[in-house]
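The primary structure of each chain is shown beneath.
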Amino acid sequence: MMDRRTLLSVAPSSFACLAHTAMTSGSANASNPLSPRMPHHPPRARRVVFLCMDGGPSHIDLFDPKPALTKANGQTINKGRLVGAKLLGSPFKAHKSGKSGLEIGETLPELARHADKLCLMRGMHTDQPNHPQAFLQMHTGLFQFPRPSIGSWVLYGLGTDNANLPGFVSIAPPANNGGTANYGSCFLPAIYQGTRLGQAGRPMANARMANIAGGERRADRQRTQLDVIQEFNRQATPSGPADPLISGLMDSYELAYRMQGEMPPLLDISAESASTKSSYGLDDPASRNFAHQCLLARRLLEAGVRFVEICQPGWDHHRGIQEALTNSCRAIDKPMSGLLGDLAARGMLEDTLVIWSGEFGRTPTSQGGDGRDHNSKGYTMWMAGGGVKGGHVHGGTDELGFEAVSGRMHVHDWHATMLYLLGLDHERLTYRHAGREMRLTDIKGQVEHGIVA
Amino acid sequence: MTLMHSYIVVITFLTQSAPDQSIRQFETKIRPVLVSKCLSCHSSVSGKMKGNLDLATAEGLKRGGDRGPSVVPGKPEESQLLQALRYSHDDLKMPPAGPLAADIVREFEVWIRQGAIDPRSGSPASPGKKPAPVFWSITPIISPKIPVTADSAWPQSDLDRFVRATQEAAGVHPVADARPEQLFRRLYLDLTGLPPSREEVVAFLKDPSEKAYAATVKRLLASPHFGETWGRHWLDVARFGESTGKQVNFSYPHAWRYRDWVVDAFNSDMPLADFITRQLAGDLLPATSETAKDANRIATGFLAVGAKALNERNATQFAMDMADEQLDATTQAFLGLTVACARCHDHKYDPVSQSEYTAMAGIFRSTDTCYGTIRLVQAQHPSRLITLSGKAPAGREARSAEELKTLTARRDRLNSELEALRSSDPMAAFVSMQGVRLRIQQGMVQGQLELYDSNGEPKRLAMGAKDRFFATDVPIYERGEVDHPGATVPRGLPTQLGGTPKAVKKGSGRLELAQWIATHPLAARVAVNRVWLHLMGHGLVPSSDNFGLAGTPPRDQRLLDWLASGFIASGGSTKQLIQKIVMSRTYRLGNETHPAAFEKDPDNTTWWKHERRRLDAETLRDSLLAVSGRLDHEPLQGTQLAQANEGFAVGPQGGGEISSTKRSIYLPVLRDGIPEALALFDGADPSLIVPERHATSTPAQGLFLLNNPEMIRSAEALARMILDKQEPDNERMDRLAHIIWSRPARPAEIETGLAFVEAFVKKRGGLPARARFEAWSALAHAQLASADFLLTP
């Protein structure tokens, strides 16, 4: 029997080949490289929404409160490169929330209502305290070499439930920090690359998908035109066994045409009820943009998109963290809460993996008196939904929040765990490139079973 | 990669033999654990061999250390290694940091039970002394005898005799020859990346003789568009990019000179040996004129145009990464080997040890790589550039004295503002928004100023390489980590990879490396295979990116070696090689599928028909512009890089739209920002070495072809073109077919097309002239979106 790796090892352009195999074996499914595929083991989650916080949010002020730090506020310490640095206690309180009593910073009151759904991973660490490296590593596993993004790997491993839609959508990604590489397919075939919607820093309300025909007049004519294209294609097909190249081309047109029909209504959030919109915080100018992204994410996931990433910039709080963090939180708090609530109400949360993370955390020491610097040695991310423990804390940093000391999870470990929850074995999800079998986790990564429900 | 290859991949795995599986098991399950968990303390390579145990080699692993054998093949329970991993004995628990996951330990158990197959070579404590296995790709090239075929009628050339002999062995018959119009279009697309004009098609179809075909081959090989197309193939391999990529994408405003050098090299049919030595060591070669000297130095741009992490804080790391990148590009591009794997450990498949890697890395560390860039926020590693003679083209407009004055004044003003900020609040100058903004503005202005001399004349600058004043040897870095240096290794060439390595006595050793590569049998084999791949759809060696042990053996080594020895005998002439192939009957086969042949050889491994392919991204875009009369055929001097100064490489997000109508090779190649029209159709990622492109078929491509403004502009231009001519509609349709498909329209197509136009006009109504224009645009658009335009014939 052909195992999945073998099936997936199909290199570039072998879609045509697969298409051909499918035609001869009579199975319609395999003709589309995006068709749903059997995972390695029973999955706990079927889809992912990744809330990416660009800039490195402070774990200390949000999810990993440090009473010892508050006590030591203003004291000078010498630690590594931080010589003569002053400790900065959090200007915020943290409240025990939910039945689980998870401690969550006061700037996220709406999210705190969902505390029992969250699994806080407080022992996260990554390799470098620089935005570009850490951001890229979060998205591709490595910053040293070009690699496919997490969404591309997931799509490659699982296919999509709705072939009429792109399987991996990245909403408002930043142009810097690696740019397109953060949602690119790199050496995986282009069909697995992320489809970008909108741009960082631009209003979501204007976001469109590239190359979707505008205007009804055109759309109306297009079918007739497409029929002519397909007629020419049929006439170009020589007699004898079907030419997989031509049938592949014809299929891609039909898919494109259906996608064109499905995407615009999906991107139009006006049909959502006023109460839904309000639950996401769409009526508040402070949270409108991220709310739009979250709502779009839910609509896409519901329609069968496998992996949706949304991105909120502005977490690089070197100065004035009290005001800046408050503002940043206001932009995301209601939308996140709306998304979690909405997913739960629709029964989707149990098999949707919700991930929230920045590329790293921030230092317990102050910068310029009221800000914090980058910290790659310890930070918090959270996950909720599909297969993770709710109301749970995994791991922790030292008493000041410098470094992960227990339940340590590197980005590779998170990637391995994310794939595990999706039913994929990170060591078996491979693709042959430049003479070896490549993995999202390179040669590293360990599944953290402690967070699995 | 091709259809064939993927089939082969599938088949290989289905029928994988037992030893292969064991090796795979070792490579995927066992070795990574040894490398990451054991070798830091138990390795002859890392220098630490606790308990005298060397787990870095197969022999060392079996021999064991002070406690005796670590592994007893077939007997997990008697193997100390497994006991240690299981933590079952109090005095033997490994790794010391904590037990490994149970499933990993189980993998070891299974592996030992199945015989503990360990494919690694090398003797313990003396790595690299064992003779390497002789692998086909590094053996000397010997021209094989021309085979005699039972079918003497079909072959028209010796090449055909090789192909026919293989077909006969497989019991397969070739299909009929391609029709003249198919062949003509195929030849144009393959040799020049552009379709023939309508007039050229008409003329050839009037006289499709052997003589006319041969003359066309000669003419196209001499066309300046030949170099633009074949140069682009090389730029894929040379990972050519006009910005640093990685974390802070800075532009390379002078990279275009290397691009143009590559185009010229193909147009002038530069011998392979020169092509190689100039790119690796052109600066060290004698030159007869200023212009030749300039060209040789520009050629070394190959070493400079790779991606770089300018915000790397550790200088040694940056230098080692750059040397590694250069070594990787050099060995992959010229030899088809992935030597860079040996940066962190002895190569898993190929006979390259970590110390040989380090010896080669020393050559690049002794090289001064000149790539420019400026020191700015997050960019820490500016370098010099190479100053060319005054005869080199400028590539940019001169600046007036007035402009220079304004720029200088602006820089001075920013300098003083920054100075003022520094003296009042040094911290703010560093971290505040204002400080960062000032420093960026100042840097960008300075970056512009550096491109001109005091008269406003553009400086003639190029990227490239030269030898450092002092050559440096490099230590072996344990696991490739720069904070774990071991013993220093003298610079040198690998000894087990074949060829004739020379000792490096003085200088960097780059010239010796270049000469070793240029005369290595792999260089010719790899080059020939790529030419075959581009003309025939898949390589004689299916793994065109890997000629090592992990690659796939050639389909027909006799043919490969026959071509390679002919190639060498011709002095490494790419044009003669191409001519030999396109003049063969094999190249001129039709593309129809023959049921009997398909039955026996569905993957066309014996080339019984011509393999159709989707046009590559550049050919597609260039053809689109060409058929609609919008292509600007003139080369571009310089670059259109959005920010053609030093500093941040600014590009539209996600690639965006293209404003130029020049050929695609002249479009800016921004890392992580290549234009959508190219990225969507599998254009090469400039951060990767791409000997063979993907050829995917995706709905996003479908959407582009249906809706992108470029498609619509081309269709409308075509409609205007044909409506301008007074002729009956069926002749119009035929004219369109000649232009777009390079052939007459078939009656059925004319019928389909005209029915569409009629229905369209009727449905649209309104002004008849406008309706007709829209109808013909839509029809032309449909033709552009059809298989006969998008696929090679």
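Thresholds applied
- Residues numbered from 1 in each chain as written.
- Chains lettered and ligands numbered in written order.
- Predicted model: local features only at pLDDT ≥ 70, side-chain atom pairs only at ≥ 80, totals over all residues.
- Helix = DSSP H or I, 4+ residues; strand = E, 2+ residues; numbered from the N terminus.
- Buried ≥ 20, exposed ≤ 12 C-beta atoms within 10 Å, placed from the backbone.
- Contact = placed C-beta atoms within 7 Å.
- Rg over C-alpha atoms; globule rule 2.2 N^0.38 Å.
- Core = buried A, V, L, I, M, F, W, Y, C linked by C-beta atoms within 7 Å.
- Axes fitted to C-alpha atoms, helices over the stretch in contact; angles between N-to-C directions.
- Parallel < 35°, antiparallel > 145°, perpendicular 65-115°, else oblique.
- Left-handed = near helix turned anticlockwise from the far one by under 90°.
- Nonpolar A, V, L, I, M, F, W, Y, C, P; charged D, E, K, R; others polar.
- Domains from an automatic or database assignment.
- Pairing = 2+ DSSP bridges.
- Expected span 1.5 Å × (residues − 1).
- Bend = angle between axes of the 7 residues up to and from the residue.
- pLDDT = per-residue confidence, 0-100.

1. Here's the deal with the overall build of chain A
The number of helices and strands found in chain A is 13 helices and 19 strands. In chain A, which comprises 453 residues, the proportion classed as buried is 59%. A sequence separation of at least 24 residues applies to 74% of the contacts in chain A between residues at least 6 apart.

2. Details of the overall build of chain B
Summing up its helical and strand segments, chain B has 32 helices and six strands in all. Here the C-alpha radius of gyration of chain B, 30 Å, is about what a compact globule of 793 residues would show, namely 28 Å. Along the first, second and third principal axes, the C-alpha set of chain B runs to 95 × 85 × 60 Å. Expressed as a percentage of the 793 residues in chain B, the buried residues total 54%. Partitioning the intrachain contacts of chain B with sequence separation of at least 6 by distance along the chain shows that 67% fall at a separation of at least 24.

3. Quick look at the nonpolar core
Core analysis: the biggest nonpolar cluster contains 295 residues, and Ala297, Val308 and Trp382 of chain A together with Met463, Ile517, Ala523 and Val528 of chain B have the highest contact counts within it. For this core, the element with the most residues is helix α21 (residues 521-536) of chain B, which contributes 11 residues. Among the nonpolar cores identified, the runner-up in size contains 20 residues, and Ile30, Val71, Leu81 and Phe108 of chain B belong to it.

4. Quick notes on the environment of leucine 497 of chain B
Examined against the element boundaries, leucine 497 of chain B turns out to sit in the loop between β6 (485-489) and α20 (510-518). What leucine 497 of chain B contacts, discounting residues up to four positions off in sequence, is Ile138, Pro351 and Val352 of chain B.

5. Concerning unusual backbone geometry
Residue and element names in this part refer to chain B. The omega angle of the peptide bond from methionine 94 to proline 95 is -10°, so this bond is cis rather than trans. Relative to the assigned elements, proline 95 resides in the loop between α4 (80-86) and α5 (102-113). One non-glycine residue with positive phi stands out, namely threonine 373, at about 70°. Looking at the element boundaries, threonine 373 is found in the loop between β1 (367-370) and β2 (386-387). The class for threonine 373 is buried, based on 24 C-beta atoms found within 10 Å. You will see that serine 742, though not glycine, has its phi angle at about 60°, which is positive. Mapping serine 742 onto the fold places it in the loop between α29 (729-741) and α30 (747-764). Overall, serine 742 belongs to the buried group, with 27 C-beta atoms counted inside 10 Å.

6. Structural notes on the packing of α21 of chain B against helix α23 (residues 574-582) of chain B
Residues and elements named next belong to chain B. Axis separation between α21 and α23 bottoms out at 11 Å; the angle between their running directions is 45°. Between α21 and α23, the interaxial angle falls into the category oblique. α21 and α23 meet at a crossing whose hand is right-handed. Packed against α21, whose contacting residues are Val528, Val531, Trp532 and Leu535, the element α23 presents Thr574, Leu577, Ile578, Ile581 and Val582 at the interface. Classifying every residue of the contact of α21 with α23 gives eight nonpolar, one polar and no charged.

7. As for the domain arrangement of chain B
Domain annotation for chain B reports domain 1 (3-122), domain 2 (401-457) and domain 3 (706-790). The straight-line distance from the C-alpha centre of domain 2 of chain B to that of domain 3 of chain B is 56 Å.

8. Quick word on the interface of chain B and chain A
At the interface, 72 residues of chain B touch 70 residues of chain A. Counting residues per element, the ones that place at least two in the side of chain B that touches chain A are α1 (3-14), α2 (18-38), α18 (426-431), α24 (595-600), α27 (699-707), α30, α31 (768-784) and α32 (787-790) of chain B. Looking at side-chain class alone, the side of chain B that touches chain A contains 32 nonpolar, 29 polar and 11 charged residues.

9. A few points about the environment of tryptophan 153 of chain A
Residues and elements named next belong to chain A. Looking at where tryptophan 153 falls in the secondary structure, it is placed in helix α7 (residues 150-158). For tryptophan 153, a count of 32 C-beta atoms within 10 Å translates into the label buried. Between the C-alpha atom of tryptophan 153 and that of histidine 426, which follows or precedes it by 273 residues, the distance is 9.8 Å.

10. Some details on the pairing of strand β4 (residues 94-97) of chain A
All names here are of chain A. As paired strands, β4 and strand β5 (residues 102-105) are joined by four bridges and run antiparallel to one another. Bridging across to β5, alanine 94 finds its partner in glycine 105. The hairpin turn running from β4 into β5, its antiparallel successor, is four residues long, and glycine 98 in that turn takes a positive phi close to 70°.

11. Some points on the pairing of strand β6 (residues 118-125) of chain A
Residue and element names in this part refer to chain A. Most of β6 is tucked away: eight of the eight residues are buried. Where β6 lies against strand β13 (residues 379-385), five bridges are found, and the strand directions are antiparallel. Note that in β13 the partner of cysteine 119 across the bridge is methionine 383. Pairing between β6 and strand β14 (residues 392-394): three bridges, direction parallel.

12. Looking at the packing of helix α17 (residues 401-424) of chain B against helix α19 (residues 433-449) of chain B
All names here are of chain B. One way to put it is that α17 packs onto α19 with a least axis distance of 9 Å and a crossing angle of 150°. In terms of axis orientation, α17 runs roughly antiparallel to α19. The two elements α17 and α19 meet at a crossing, and its hand is left-handed. Where α17 approaches α19, its residues Leu407, Thr408, Arg410, Arg411, Leu414, Asn415, Glu417, Leu418 and Leu421 are matched on the opposing element by Gln434, Gly435, Leu438, Arg439, Gln441, Gln442, Val445, Gln446, Gln448 and Leu449. Tallied by class, the residues present in the contact of α17 with α19 amount to seven nonpolar, eight polar and four charged.

13. Describing the environment of alanine 169 of chain B
Along the chain, the position of alanine 169 of chain B falls in helix α6 (residues 158-170). Taking the C-alpha atoms as reference points, alanine 169 of chain B and phenylalanine 469 of chain B, separated by 300 residues in sequence, lie 59 Å from one another.

14. Notes on helix α12 (residues 321-345) of chain A
Residues and elements named next belong to chain A. Here α12 spans 35 Å end to end across 25 residues, near enough to the 36 Å set by a 1.5 Å rise per residue. At arginine 330, α12 shows its maximal bend, which comes to roughly 30°. Phi for glycine 347, located one or two positions after α12, is positive at around 70°.

15. Re the confidence of the model for chain A
Averaged over chain A, the pLDDT score is 87; the fraction of residues at 70 or greater is 90%. Contacts of residues 1-30 of chain A to residues separated by more than four positions or lying in other chains number 67 contacts, the stretch itself having pLDDT below 50.

16. Re the confidence of the model for chain B
All names here are of chain B. On average, residues of chain B score 88 in pLDDT, and 94% of them reach the 70 mark or higher. Note on residues 1-18: pLDDT under 50 across the span, and 40 contacts to partners over four residues away in sequence or across chains. Per-residue pLDDT stays below 50 along residues 124-132; that stretch engages in 24 contacts with residues further than four places along the chain or on separate chains. Scoring of the predicted complex yields 0.78 for pTM and 0.78 for ipTM.

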